[in-house]
Every structure is written in C-alpha cells, then in structure tokens.
Amino acid sequence: MPWFVKIERGIVNKPIFDQHVSAHKNYVRQLIDQGYQARTGYWAEFGGGMLLFQASSLEEAKAIVEADPLIQNQCVEYELHEWRVVVE
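Residues numbered from 1 in each chain as written. Predicted model: local features only at pLDDT ≥ 70, side-chain atom pairs only at ≥ 80, totals over all residues. Heavy atoms only, no water.

A. Molecular detail of the overall build of the protein chain. Looking only at helices and strands, one finds 4 helices and 4 strands in the protein chain. Overall, the protein chain shows an N-to-C arrangement of helices and strands of β-α-α-β-β-α-α-β. Taking 88 residues into account, the globule formula puts the C-alpha radius of gyration at 12 Å, and the protein chain, at 13 Å, falls close to it. By principal-axis analysis of the C-alpha atoms, the protein chain measures approximately 35 × 25 × 20 Å. (Helix = DSSP H or I, 4+ residues; strand = E, 2+ residues; numbered from the N terminus. Rg over C-alpha atoms; globule rule 2.2 N^0.38 Å.)

B. Region of interest: the layout of surface pockets. In this structure, the largest pocket occupies an estimated 480 Å³ of space. In terms of lining, the largest pocket is formed by 18 residues, of which the most central are Phe17, Asp18, Val21, Tyr42 and Gly48. For the lining of the largest pocket, the secondary-structure elements that each account for two or more residues are strand 1 (3–10), helix 1 (14–18), helix 2 (21–33), strand 2 (39–42) and strand 3 (48–54). Its residues assigned to classes, the lining of the largest pocket comprises 7 nonpolar, 7 polar and 4 charged. (1 Å grid on protein atoms, 1.4 Å probe; cavity = no way out; pocket = protein on both sides within 12 Å on 5 of 7 lines; lining within 4 Å. Points joined across faces, edges and corners; volume = space filled by probe spheres on them. Nonpolar A, V, L, I, M, F, W, Y, C, P; charged D, E, K, R; others polar.)

C. Focus on the environment of Ile64. Tracing the backbone shows Ile64 in helix 3 (residues 58–66). Setting aside its immediate chain neighbours within four residues, Ile64 contacts Tyr27, Leu31, Tyr36, Phe53 and Ala55. (Contact = heavy atoms within 4.5 Å.)

D. Examining the sheet that holds strand 2 more closely. Pairing is antiparallel across the open sheet formed by 4 strands, whose spatial order is 2-3-1-4. Strands at the two margins of the open sheet, each flanked by one partner only, are strand 2 and strand 4 (76–83). With direction set aside, neighbouring strand axes in the sheet form an average angle of 15°. Examined bridge by bridge, strand 1 and strand 3 share 7 bridges and lie antiparallel to one another. Note that in strand 3 the partner of Phe4 across the bridge is Phe53. Against the sheet, helix 3 engages strand 1, strand 3 and strand 4, with an angle of about 155° to strand 4. (Pairing = 2+ DSSP bridges. Axes fitted to C-alpha atoms, helices over the stretch in contact; angles between N-to-C directions.)

Here it is in structure tokens:
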C-alpha cells in the first residue's frame, strides 16, 4: 500500500486545539488497529505536525484525513502528499 503524509499547521489557539487532541489520538489508534500503519506527532517548535499512514489510494487517503477530528473541528490546515519510499 502507498504511504501518505498529512502535513498540518494549527490555525486555532492552543486551548481550543487541546480540546480535540484526545479524539485525534484515539482516531489514529483506530487507524493503527485497522492496518493503516499510522503515526502522528508534532513539530518540536509547535504550531503543526504530521500524520504518516498507508492507504490503498489517494481517494482513501483523503477520506481518512477528512475524518480526523482535527480536520473536522477546523483546528488545522493541511497538505496531503503521497510519499514514495526510495530506500527501506
């Protein structure tokens, strides 16, 4: 399965953002349980982060991203890219 990367930038203040972090983490855990090999984290300097995951197609990847609570609650802007692994 191809890899996809959602690169995100926070667009709300931290107290609002933090209200949705738990739901985001639970969502990523569900993705892991479903076999999407998902990983999530934030930049050390704060203000954004990344979700790395596998999906069968760009369309499926878009649907996965759109279901993320951080997206649904308009906490972040994002870019979605297919990541082509060159060396493993």
